[in-house]
Amino acid sequence: MTVLNSLLAVLIVLISLIYWYIKRSFSYWSSRGVPHNKPTIPHGSMKGLGKTVSFVHFTQNYYMKFRGTSKLCGLYFFTRPIALLLDLDLIKTILVKEFAKFSDRSFYYNDKDDPLSGHLVALDGVKWKNVRQKLTSTFSSSKMKYMFPTITAVGDRLTNYLNETIKESSELEMKNILARFTMDVIGTCAFGIECDTLKDIDNDFYRMGRMAIQKPRHNQRIAFLLNDFKRLARFLRIKTIRDDVTAFFMGVTISTIDYREKNNIQRNDFMDLLIKLKNEDSQGDFTKGLTVNQIAAQSFLFFVAGYETSSTTMLFALYELALNQEVQSKLRREIQNALKKHGNFSYEMMMDIPYLDQTIQETLRKYPPFTTLRRMAQNDFKVPGTNIVIEKGVSVVVPVYAIQRDPELFPEPEKFSPERFTPEQVKNRHPMAWLAFGEGPRNCIALRFGMMQTRIGLITLLTKFEFSPCEKTLIPMVFSSSPIVLSPKDGLYLAIKPITTE
Ligand code: HEM
């Protein structure tokens, strides 16, 4: 009986301690006077996230509820506080002016046991700074110019593929087709390999690339937990990349490097630059060159970050152009005028179609592939003009999707209007109102490449085909619940008609 009583007493103390801990944690934002929704045990603010409410609408609901009342609002991931930024000046301060205080994203990686996880998106501190510095020249304008013909050649294959396929059906699921186009592009630019996934649907690149994004090793909740308990996770040698994906990309990287070095092959692609960096002899030291593992991690990231972001941008652009025929006709006219002016489809011609860039920017406004940006406070940071302190270790989230659909920044936000991106209109808006490629020193390193790939895809398609909605087209748009890259749920069908030239 006494043992039972003791056990009961221990249990009561334990439950009281847990209750006290949760109560104390859940008063984090109220004790600092930061607006928030009442958290619930055990999920904090995350109840139903990814199930009853998508990640996109979750952040949008918070933004719309609290914007104008405070510069930030508070969330809880389980008991962990997260700051959601609501004020554009504060966003600029954190991403640009005070970047050094918020330079890390604080994602979990484990480059020792899980080599592909040590890529630029996840790296932090000095490791990030050094790799970023080394990779920056890979994405310069002159490198883009070199890659231009390689990408237009894949564009020709896309045209041939569509010409053949529409003989059987004029209503096609475009998400998959465009993903294969960008995968072929990035396969040749990052690995120098002709994947030809447009022809060969069972191609390993296609399977592994999709697997990496669509069937990650852990679900989103576990991924969040790993971000929060990095040291413990590293101690337990937890990996985040699937073993089959690691084996495939490590194998391809090693054989590509080996083949090029033995045959003294030089190409104007990402791999070429990465190999040059390897030969700086790093011995694993990030301040020197790159090891084979580090090269594999960066090219894996280029592959994964490169294909889904640009293919969904093209997909949403075609969707909006199909629904807005007058915009489609105007854009086609502008492309044809540029072709006449320059004589052929050249790099210079591609860069001389302002309306195309406006259309892509408007697409990325409505459909930013990454719906939020993330940083972590490296030190306590007092929010200017308030008494609020963002404490060291607290994650800050920028709700990009919500900002870009804010009717005060973009009137009639559901309307698709490339005119919003004329130079005059852009000048009149806050520079943080459009954040599709992020901002500051940690923005998208491959902005030029992503834009080029999207421009080439759209020019190729719009000069040869007309797009319109069909019965199977998803109207209104419904997003997939995957929080990684914004994409339509269950694919997207469009009717396609070849343009016949008289
Ligand atoms: C339309 C296409 C693309 C969009 C909209 C896009 C968007 C973004 C965004 C929003 C970020 C985070 C920026 C921030 O936190 O401030 C990012 C980072 C990054 N993106 Fe892209 N991206 C695109 C294409 C690409 C491509 C094609 C590649 C590679 C070939 C790429 C590689 C990266 C890398 C490596 C980072 C991490 C940069 C760092 O942490 O230093 N992206 N991108």
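Conventions adopted
- Residues numbered from 1 in each chain as written.
- Predicted model: local features only at pLDDT ≥ 70, side-chain atom pairs only at ≥ 80, totals over all residues.
- Heavy atoms only, no water.
- Helix = DSSP H or I, 4+ residues; strand = E, 2+ residues; numbered from the N terminus.
- Contact = heavy atoms within 4.5 Å.
- Polar contact = N/O pair within 3.5 Å; in protein donor to acceptor, adjacent residues only side chain to side chain.
- Axes fitted to C-alpha atoms, helices over the stretch in contact; angles between N-to-C directions.
- Parallel < 35°, antiparallel > 145°, perpendicular 65-115°, else oblique.
- Nonpolar A, V, L, I, M, F, W, Y, C, P; charged D, E, K, R; others polar.
- 1 Å grid on protein atoms, 1.4 Å probe; cavity = no way out; pocket = protein on both sides within 12 Å on 5 of 7 lines; lining within 4 Å.
- Points joined across faces, edges and corners; volume = space filled by probe spheres on them.
- Near = heavy atom within 4 Å.
- Buried < 20%, exposed > 50% of the residue type's maximum accessible area, 1.4 Å probe, protein only.
- Pairing = 2+ DSSP bridges.
- Donors = N, O, S within 2.8 Å, 3.2 Å for Na, K, Ca; no water.
- Phe/Tyr/Trp six-rings, centres within 6.5 Å; stacked < 30°, edge-to-face > 60°.
- Core = buried A, V, L, I, M, F, W, Y, C linked by side-chain atoms within 4.5 Å.

**Re the environment of arginine 442**
Piece 1. Along the chain, arginine 442 turns up in the loop between helix H18 (423-427) and helix H19 (447-464).
Piece 2. The spatial distance from the C-alpha of arginine 442 to the C-alpha of valine 121 is 8.9 Å, given a sequence separation of 321 residues.
Piece 3. If sequence neighbours within four positions are ignored, arginine 442 has contacts with Phe99, Ser103, Asp104, Arg105, Leu120, Val121, Ala122, Leu123, Trp128, Arg132 and Arg375.
Piece 4. Reaching out from arginine 442, the side chain makes a polar contact with the backbone oxygen of valine 121 at a distance of 3.2 Å.

**Some details on the packing of helix H11 (residues 243-262) against helix H12 (residues 270-278)**
Piece 1. Put simply, H11 and H12 touch, their axes get as near as 11 Å, and they point 80° apart. One finds that H11 runs roughly perpendicular with respect to H12. Residues Thr253, Thr256, Ile257, Arg260 and Glu261 of H11 form the contact with H12, whose participating residues are Met271, Asp272, Ile275 and Lys278.
Piece 2. When grouped by side-chain class, the residues that make up the contact of H11 with H12 number three nonpolar, two polar and four charged.

**So, empty space enclosed by the protein**
Piece 1. For the coordinates displayed, the defined rule picks out one cavity of 30 Å³ or more.
Piece 2. By volume, the largest cavity is sized at about 40 Å³.
Piece 3. Along the walls of the largest cavity sit Lys175, Ala179, Arg210, Glu308, Ser311 and Thr312, which together make up its complete lining.
Piece 4. Of all the secondary structure elements, the ones that give two or more residues to the lining of the largest cavity are helix H7 (174-191) and helix H13 (292-323).
Piece 5. Top element by residues in the lining of the largest cavity is H13. It accounts for three residues.
Piece 6. Each residue belonging to the lining of the largest cavity can be placed in one class, and the counts come to one nonpolar, two polar and three charged.

**A look at the site of the ligand**
Piece 1. Around the ligand sit 28 residues, and of these Arg105, Trp128, Arg132, Arg375 and Cys444 come closest.
Piece 2. Between the ligand and arginine 442 there is a distance of 2.8 Å, counted from an oxygen atom to a side-chain nitrogen or oxygen.
Piece 3. Counting only elements with at least two residues in the shell around the ligand, the list comes to helix H5 (125-136), H13 and strand E4 (373-376).
Piece 4. If one sorts the elements of the shell around the ligand by residue count, H13 sits on top with seven residues.
Piece 5. Residues of the shell around the ligand, tallied by class, amount to 17 nonpolar, six polar and five charged.

**Looking at the pairing of strand E2 (residues 80-85)**
Piece 1. Counted residue by residue, E2 has five buried out of six residues, so it is predominantly covered.
Piece 2. Between strand E1 (residues 72-77) and the antiparallel strand that follows it, E2, lie two residues; phenylalanine 78 among them carries a positive phi value of about 50°.
Piece 3. As paired elements, E2 and strand E7 (residues 395-398) share three bridges and run parallel to each other. Looking at E7, one finds that isoleucine 82 is bridged to serine 395.

**Section: the coordination of the iron atom of the ligand**
Angles at a metal have ideal values that depend on geometry: 109.5 degrees with four tetrahedral donors, 90 or 180 degrees with six octahedral donors.
Piece 1. Among protein residues, the single donor to the iron atom of the ligand is Cys444 (SG), with a metal-donor distance of 2.4 Å.
Piece 2. Mapped onto the fold, cysteine 444 is located in the loop between H18 and H19.

**Notes on the packing of aromatic side chains**
To describe a pair of aromatic rings, one takes the distance between the centres and the angle between the planes.
Piece 1. Scanning the entire structure with this criterion turns up 30 aromatic pairs.
Piece 2. Judged by centre distance (5.2 Å) and plane angle (45°), the ring pair of phenylalanine 205 and phenylalanine 303 falls under tilted. With phenylalanine 205 in helix H8 (residues 204-214) and phenylalanine 303 in helix H13, this residue pair connects regions lying 98 residues apart in the sequence.
Piece 3. Both rings, one in phenylalanine 249 and one in phenylalanine 300, keep their centres 5.1 Å apart while their planes meet at 65°; by these two values the pair is edge-to-face.

**Some thoughts on helix H9 (residues 220-228)**
Piece 1. Among all positions in H9, only Phe224, Leu226, Asn227 and Asp228 are buried.
Piece 2. Of the surrounding secondary structure, the elements contacted by the buried residues of H9 are helix H3 (55-66), E1, E2, helix H10 (230-235) and E4.
Piece 3. Capping the start of H9, asparagine 219 holds a side-chain oxygen 2.9 Å from the backbone nitrogen of isoleucine 222, two or three residues further along.

**Points about the nonpolar core**
Piece 1. Among the nonpolar cores identified, the biggest contains 103 residues, and Met174, Phe249, Phe270, Leu318, Phe449, Met452 and Phe467 are the most heavily contacted of them.
Piece 2. With 16 residues, the top contributor of residues to this core is H13.
Piece 3. Every residue in contact with phenylalanine 249, bar those within four places of it in the chain, is listed here: Leu116, Phe191, Phe205, Met208, Phe300 and Phe303.
Piece 4. Met46, Ile390, Ala402 and Ala433 belong to the second largest nonpolar core, which has 48 residues in total.

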